[in-house]
Amino acid sequence: LHDRLKDPSLLRDRCYIDGAWVGTPSRPVTNPVNGVELAKVPAFSTAEATQAVEAAERAFPAWAKLTAKQRSNILRKWFELIAANREDLALILTSEQGKPLAEALGEVDIGGAYVEFFAEEARRVYGETIPTQRPDARLLAIKQPIGVCGAITPWNFPCSMITRKVSPALAAGCTVVLKPANETPLTALALVALAEKAGVPKGVFNILTGNSSAIGKVLCEHPAVRFVGFTGSTEVGKILYQQASVGVKKLGLELGGNAPFVVFDDADIDAAVEGAIISKYRNMGQTCVCANRIYAQDKIYDEFVEKLSKKVAAMKIGDGTEAGVTQGPLINMAAVDKVEKHIADAVKGGAKIITGGKRHALGGSFFEPTVLSNVKADALVAHEETFGPLAPVFRFKDEADVIAMCNNSPFGLASYFYARDLGRVWRVAEALEAGMVGVNTGLITTEVAPFGGVKESGLGREGSHHGMEEYVEIKYVMMAGV
Ligand code: ADP
């Protein structure tokens, strides 16, 4: 990997705490394509996490005091460096994560777009004046940075989940301690190296790799930390929620989903097939907004299944750095086991494998992209997130039916449907219990819109001006004696 980068200095094997690159590289990072070791990173734990939090605490007052424009300029520079190094970042990302290079470039671009957006947003953190209730007083609400923030991020988007948290935090005037996923720390370290180059002062942005639960506990329980932003599993999110209750800490949680994808009989079927492919098979089905359950209406069911499986069967599987590959390996063998389990369970209940269905001939964690038809409502895949390249297609009769099925889940992150009847579009969009709805599209993520879930899918929103609100506290000031 080192030799394939234009700027090999982006490949870091140390962590960045209080403005210094520290630690002994000891934890291997491997390429999911072949298990080859790419680098080692430090195995930090409680002591170093505490040091990082304290560094962020020391750096906070000066960073918060800069003008919004000064912080904006530094973020802008970080964005420019990300854009200038997009190819190296994408190569590092694909090497440790497995997604096709074209997707990695897309992720680096949106990762950069978050930084650009919040560089702009930094200057628009307005407060308000409030019509007073007593003549001798004036009331106002000002917004101030919340303080030291923890960020814990997953392996499926090793770049954009970081910038989506860190850039609004820095823009608001907060300082950050980041713990990236152990599977994908190299993209994170490269991003920090670029932030350092952009002029982010010492202690303002710290990163440490190592023991997730020990570091997570410090971030949730250290009194100096005022906010923890997490993207990952609902299971870990619940642990963090409990830990954060000790100090009544504010949390942002982007957790699991179980996205329904509905194709009504008045839909443009070809467009629905395209949307289903993007939503289901992006990142090999390993995104929290991936379609997990596809519902197709009676009349168009067979046509939809046939068209979808034809496209899926034609996908090119392989090393994501090879030209034309659209499906890489899954992140690890546990991911493969889960897909196999969901397929076996559905087939036991009467589902039919239309294409795929088994491990890929390439071996390792490669899996054939799969389409199942005749899946029953009680199948495991209707209730659990697969996080793999499996499209189960369920049949439904009418609108009320399918809305009930969609909402029969403890999760509520993304949802999608294809329909053309305007009344239906409004009714269904309003009825779905989800933080996000894609109508006639399978791809909804953008830095300008609020991303987040309801129910057990999480708390808070990331991206858009709402994403900035997470990182500020409202302070009410009454000035009396006027
Ligand atoms: P995923 O299934 O996407 O790996 P996880 O929730 O396991 O989701 O991981 C998301 C992030 O949370 C990763 O950075 C991981 O290292 C971290 N993590 C895992 N367990 C804990 C924990 N007990 N406390 C804090 N962070 C954790």
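About the thresholds
Residues numbered from 1 in each chain as written. Predicted model: local features only at pLDDT ≥ 70, side-chain atom pairs only at ≥ 80, totals over all residues. Heavy atoms only, no water. Near = heavy atom within 4 Å. Polar contact = N/O pair within 3.5 Å; in protein donor to acceptor, adjacent residues only side chain to side chain. Areas by Shrake-Rupley, 256 points an atom, 1.4 Å probe, with all protein chains shown as cover. Helix = DSSP H or I, 4+ residues; strand = E, 2+ residues; numbered from the N terminus. Expected span 1.5 Å × (residues − 1). Buried < 20%, exposed > 50% of the residue type's maximum accessible area, 1.4 Å probe, protein only. Phe/Tyr/Trp six-rings, centres within 6.5 Å; stacked < 30°, edge-to-face > 60°. Core = buried A, V, L, I, M, F, W, Y, C linked by side-chain atoms within 4.5 Å. Contact = heavy atoms within 4.5 Å. Pairing = 2+ DSSP bridges. Right-handed = clockwise from strand over helix to strand, strands pointing away. Axes fitted to C-alpha atoms, helices over the stretch in contact; angles between N-to-C directions.

A few words now on the site of the ligand. The ligand sits among 16 residues. The nearest are T153, W155, K179, S212 and S233. At 2.7 Å from an oxygen atom of the ligand is found a main-chain nitrogen or oxygen belonging to T153. With respect to the ligand, the side chain of W155 contributes an N or O atom lying 2.9 Å from an oxygen atom. When the ligand is considered free in solution it has 550 Å² of accessible area, and contact with the protein chains removes 78% of it. Counting residues per element, the shell around the ligand draws most heavily on helix α7 (residues 212–221), at three residues.

The next point concerns helix α6 (residues 185–198). Counted at 1.5 Å a residue, the expected span for α6 with its 14 residues is 20 Å, and the 20 Å between its end C-alpha atoms agrees. Of all 14 residues in α6, 12 are buried; the element is thus mostly enclosed. Three or more residues of α6 are buried, namely P185, L186, T187, A188, L189, A190, L191, V192, A193, L194, A195 and A198. Backbone geometry just after α6 places G199 at a positive phi near 105°.

Here the focus is the packing of aromatic side chains. Applying the stated rule across the entire model yields 10 aromatic pairs. Aromatic side chains W78 and F205 sit 5.7 Å apart centroid to centroid with 65° between the ring planes, which places their arrangement in the edge-to-face category. Residue W78 is found in helix α2 (residues 68–84), and its partner F205 is found in strand β9 (residues 205–207); the two are separated by 127 residues along the sequence. Take W78 and F205: they sit in the same class, and that class is buried. Between the aromatic rings of Y295 and F394, the centroid separation amounts to 5.1 Å while the plane-to-plane angle is 35°, which identifies the pairing as tilted. Of the two residues, Y295 is situated in strand β13 (residues 291–297) and F394 in strand β16 (residues 390–396); the sequence distance between them amounts to 99 residues. Neither residue differs from the other here; Y295 and F394 are each classed as buried.

Among the nonpolar cores identified, the biggest contains 61 residues, and W78, I82, L170, L186 and F205 are the most heavily contacted of them. Not counting residues up to four positions away in its chain, the partners in contact with L186 are L11, R12, V29, L38, A39, V41, I92 and E96. Core analysis: the next-biggest nonpolar cluster, separate from the first, contains 32 residues, I277, Y281, A291 and I444 among them.

A separate point is the pairing of strand β15 (residues 370–373). Side chains T370 and L372 of β15 all project onto a buried face; the interleaved residues V371 and S373 project onto the opposite face, where all are buried too. Sheet topology places β15 next to β16; three bridges connect them, and they run parallel. Pairing of L372 across the sheet is with P392, part of β16.

Okay, the pairing of β13 next. Within β13, seven of the seven residues are buried, which leaves it mostly tucked inside the rest of the structure. Here strand β12 (residues 259–263) pairs with β13 via five bridges, running parallel. The partner of A259 across the bridge, within β13, is A291. Handedness of the crossover joining β12 and β13 through helix α9 (residues 269–281) is recorded here as right-handed.

Strand order across the open sheet formed by seven strands is β14-β15-β16-β13-β12-β18-β19, with mixed pairing between neighbours. Across the chains shown, the open sheet's two edge strands, defined by having one partner strand only, are β14 (352–355) and β19 (436–439). For this sheet the average axis-to-axis angle between neighbouring strands, irrespective of direction, equals 25°. Two elements, β12 and strand β18 (residues 414–418), share three bridges in a ladder whose sense is parallel. Across the sheet, the residue bridging to V262 is F417, located in β18. In this fold helix α10 (residues 301–313) packs onto β12, β13, β14, β15 and β16, with an angle of close to 175° to the strand it touches most, β16. The sheet strands contacting helix α14 (residues 422–431) are β13, β18 and β19, and the helix crosses β18 at an angle near 165°.

By themselves these figures say nothing about function.
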